[in-house]
Amino acid sequence: MSPEAHSAPRSLAEALRARDDASLAALLRSRPDLITPVPTDLTQLATRAGTRASVLRALERLDRFALQTAEALAVAPDPASYDTLLGLMAGDAGDETVARALPRAVATLREQALVWGDDDRLRLVRTARELLAPSAQHPSPTGLGPTVQEATSGMSPGRIQEIVTTAGLPSTHDSVSAVAALTGLFTHRKKMAKLLAGAPEAAREVLSRLVWGPPYGQVTADPAAHLRWLLDRGLLLPTAPGTVVLPREVALHLREGRAHRAPEPLPPAVAPAATHSPQVVDATAAGQAYTALATVEELLKDWDEGGPAVLRAGGLSVRDLKRTAVALDVSEPVAAFWAELAYASGLIASDGEADERYAATPAYDEWLELPPAERWARLARTWLTATRTPGLVGGRDAKDRTLSALGPGLDRSAAPEVRHRVLSLLAALPRGAAPDAESVLARLRWERPLRGARRDGARDDDLRSRLARWTLSEAELLGVTGRGALSSQGRALLGAPAGPAAPDAGPAEPTGPGDKLPVHHHRAPERPAPLSPAEQGAAADAAARLLAPLLPEPLDHVLLQADLTAVAPGPLRRPLADMLGVLANVESKGGATVYRFTPASVRRALDAGRTAADLHAFLVEHSRTPIPQPLAYLIDDVARRHGHLRVGAASAYVRCDDDALLNEILADKRAAALSLRRLAPTVLAAPADPAALLEGLRAMGYAPAAESAEGDVLITRAHAHRTPPRTAPEPVPDGPPPPDATLLSAAIRAIRAGDLAATTPRKPVGEPLAGGELPRTSAAETLATVQAAVLTGDSVWIGYVNAEGAASQRVIAPIRVEGGFVTAYDHTADEVRTFPLHRITGVAELADD
């Protein structure tokens, strides 16, 4: 036997044992579920890598060509050579593009421990073969059916001999050789071509319908002549009464050796739909960012005194979402997006009261104090990493319940990855280029194909595609993109370089004779690892710095007009905006905000404790134009009548020093609903409460003021309702997080050490051991062997049970033995440790080799 045969791995564990640390690190990084918890040795790592859940997860994260390669291996002989695999992927005629891309796909499968073995003996792990191999219950994505051997397993020997004879082959002495002869005929290109040349036209048409799958068909008890011709020669084989199948070997001949109808070795390119100036893109995105900040502030201001009620099942009601959409002047899906973004950012939450309502959190006040660019960066960073998915609002969950905004069931763990990947594809385009949305979706479907997807190439409306569409629209709303192209601040948010990007060329394609080397010499290209929280913070800061110069500078003035309006030509500084929001009503928004002064709005400012002189001084200070006479008259007129009437609690009363005014009120027919009656010349009483009485008198055109029990005027200011301190909702992880370099290094070190203890050859001492058992020796034998090892400096193999009762195998080099303890260098832990002798189950010397 050749030395190469001796060195060929016989199992996945042996293949992993032959890897270097960098290769093991790549495996654990690509499949982080294998490291949770850290395996004790490489055998346990291989076992875990072959479990159904782990293999299924790994298959679902393969790109389309790597998955097609795994599917081809599942229908190939086990083991298969690289040349056999290449034939299945490229066909008899060959395909240069497939041939160049195949080494990368094989390297990917090897790296992820889905394939092991050298190029002359490639093996797909058993669980992956079971998932991908064709069966009647689970057809293969290749469209191939069972082999001749599998399809004839239940057939009578006599019937098999009849098929062999009719196919023009000599009869054999047993079924095994007959099946082998039939298989040899179907895999021989020239002999098969000669056999099919004599087939009836209708029979060839039947084969053409089954060749690309599904390979199963129905026949009657008395099949037609052309079907009988196929059945008699084994070109169709019965699998059940009335059901026939096209054998795999026949299908491969008809396909000219190809396992797939359309191999896809290269990712589809992301095509630009339009190209804009980078400056225009950044300016447009900055405008959207400003609008985003204004919208979130308006939403929170609307909920400042206590927002909508929380549904019993959690979330906003449909009615409250509609009201919010009307208040923000946006559609309901967009309103759901802004509410979810504020919720994910920790700016709104439930107040936890008995009458539970949504309200702003204390973090909202802190957020308002930040500069505008930093406020935007916080929102954008939250959006990029959140698993909350606003696009699902209005849909149905698994129990057919409506998904509501801010409610449960909106987390999708794939959302951050899809958002990051979509923006990365945009970042790979030239600056200012807006992508064609369908090309982005096609690229994502290639990178993460949906298992079991349709073979006709039709578009799958899967979750990742919907997440990608939502990402493109949400990025535009938020100002991460402008006119569809990624902005400078969007690139910074990703941690991407600020310079021009080269067009996306897809994964690297290895070429040359070294392509078929094992994974140690050629690894699959890796995507950039996700940013750590610290890197995300640094990227958000960089994005804020790029955005800050593009945002409009807040103004400290407005333009008063004669029609009782004020125009704010840009964003206003916060004290000015807050005061103007009390004194006037917003009439229209856009590039400039228009405020309108009304008697009710002026009275609102007076109720808040301002005097007419205060209002005049405020307008003089902040207006670039003189105060128009109509506005001055309006303020003075409302102020003159404000508080002339006083309303207090009797149930309610009205008092006024001018009894003629009270007579006027009593005589007014509109006051009948208030049921007023005179208690004294200057006092009227009513059964209504003070608030209703205030509203009734104001509706009649009067300007009453509320007073306290002491007779002082009550100043009414907006009450800012806040929740107790709340933490923002944590994203739901998509499985274990990728391990960092420190954890990878420690894990590989522990696995290597545990494997050393489990595989080091040793001399048996005492009773022979069954596989996997700890050594068992008497206390005297243990002490003697350890003391001898101290004198010789040799290492020994021990079984050890710790204080928690966990058993392990260890290789130690004893240094000294005293007081019932042995001090030794523990190769497993790579440190000097002390072991109580009574916890050592047994000891064995290591073999000389």
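Before reading on, note that the structure itself is shown above.
A brief structural summary.

Definitions and limits used
Residues numbered from 1 in each chain as written. Predicted model: local features only at pLDDT ≥ 70, side-chain atom pairs only at ≥ 80, totals over all residues. Heavy atoms only, no water. Helix = DSSP H or I, 4+ residues; strand = E, 2+ residues; numbered from the N terminus. Buried < 20%, exposed > 50% of the residue type's maximum accessible area, 1.4 Å probe, protein only. Contact = heavy atoms within 4.5 Å. Salt bridge = Lys/Arg side-chain N within 4 Å of Asp/Glu carboxyl O. Pairing = 2+ DSSP bridges. Phe/Tyr/Trp six-rings, centres within 6.5 Å; stacked < 30°, edge-to-face > 60°. Lys NZ or Arg CZ within 6 Å of the ring centre and 35° of its normal. Axes fitted to C-alpha atoms, helices over the stretch in contact; angles between N-to-C directions. Parallel < 35°, antiparallel > 145°, perpendicular 65-115°, else oblique. Left-handed = near helix turned anticlockwise from the far one by under 90°. Nonpolar A, V, L, I, M, F, W, Y, C, P; charged D, E, K, R; others polar.

## With respect to the overall build of the protein
Move 1: Scanning the protein from N- to C-terminus turns up 34 helices and 26 strands.
Move 2: Taking all 849 residues of the protein together, the buried fraction comes to 46%.
Move 3: In the protein, once contacts between residues fewer than 6 apart in sequence are set aside, the share between residues at least 24 apart is 67%.

## Comments concerning the pattern of salt bridges
Move 1: Per the stated rule, a full pass over the model turns up 35 salt bridges.
Move 2: Of the charged contacts, one joins D232 and R159 as a salt bridge, the two residues approaching to 3.6 Å between their closest N and O atoms. Here the residue D232 occupies a position in helix α15 (residues 225-232), and R159 occupies one in helix α11 (residues 157-166), the gap between them amounting to 73 residues.
Move 3: R159 sits in the partly exposed class, given a relative accessible area of 24%.
Move 4: Here the salt bridges do not stand alone but share partners, grouping R61, E417, R448 and R464 into one network.

## Section: the pairing of strand β18 (residues 677-680)
Move 1: One ladder, built from 3 bridges, connects β18 with strand β19 (residues 683-686); its direction is antiparallel. When the bridges of β19 are listed, R678 appears paired with L684.
Move 2: Between the end of β18 and the start of β19, which pair antiparallel, lie 2 residues.

## A look at the packing of aromatic side chains
Move 1: Counted according to the given criterion, the structure contains 4 aromatic pairs.
Move 2: Taking the ring centre of W367 as reference, the NZ or CZ of R375 above it sits at 5.5 Å.

## A word on the sheet that holds strand β13 (residues 565-568)
Each strand in a sheet pairs with another by means of backbone hydrogen bonds, the pair being arranged parallel or else antiparallel.
Move 1: Here we have 4 strands laid out as an open sheet, ordered β12-β13-β15-β14, and antiparallel in their pairing. For this open sheet the edge positions go to β12 (559-561) and β14 (585-588), each flanked by a neighbour on one side alone. On average, adjacent strands in this sheet sit at an angle of 30° to one another, irrespective of strand direction.
Move 2: Sheet topology note: the β12/β13 ladder contains 3 bridges and is antiparallel. Counted as the bridge partner of L559 is V567 from β13.

## Brief notes about the environment of P554
Move 1: In this structure, P554 sits in the loop between α26 (533-547) and β12.
Move 2: Taking relative accessible area as the criterion, P554 reaches 31% and is therefore assigned partly exposed.
Move 3: Note: C-alpha distance between P554 and L572 (18 residues apart in sequence) is 4.9 Å.
Move 4: Residues contacting P554, with those up to four places away along its chain left out, are P571, L572 and R573.

## Section: the sheet that holds strand β4 (residues 237-240)
Move 1: With respect to topology, 3 strands assemble into an open sheet ordered β3-β5-β4, the strand pairing being antiparallel. Strand pairing shows two members of the sheet lacking a second neighbour, β3 (216-218) and β4, which therefore form its edges. Neighbour to neighbour, the strand axes of the sheet diverge by 40° on average, direction disregarded.
Move 2: One ladder, built from 3 bridges, connects β4 with strand β5 (residues 243-245); its direction is antiparallel. Bridged to L237 within β5 is V245.

## Let's talk about the packing of helix α27 (residues 574-583) against helix α29 (residues 612-622)
Move 1: Close contact between α27 and α29 brings their axes to 12 Å; oriented N to C, the two are set at 130°. It follows from the interaxial angle that α27 and α29 lie oblique. Classified by chirality, the crossing of α29 by α27 is left-handed. Between α27 and α29, the residues in contact are L576, M579, L580 and L583 and L615, F618, L619 and H622, respectively.
Move 2: Tallied by class, residues from the contact of α27 with α29 come to 7 nonpolar, 1 polar and no charged.

## Quick look at α15
Move 1: Those residues of α15 that sit buried are L227, W229, L230, L231 and D232.
Move 2: Check the buried side of α15 and you find it contacts α11, α13 (189-197), α14 (201-210), β4 and β5.
Move 3: Phi turns positive, to about 75°, at G234, one or two residues after α15.

These values are about where atoms sit, not about what they do.
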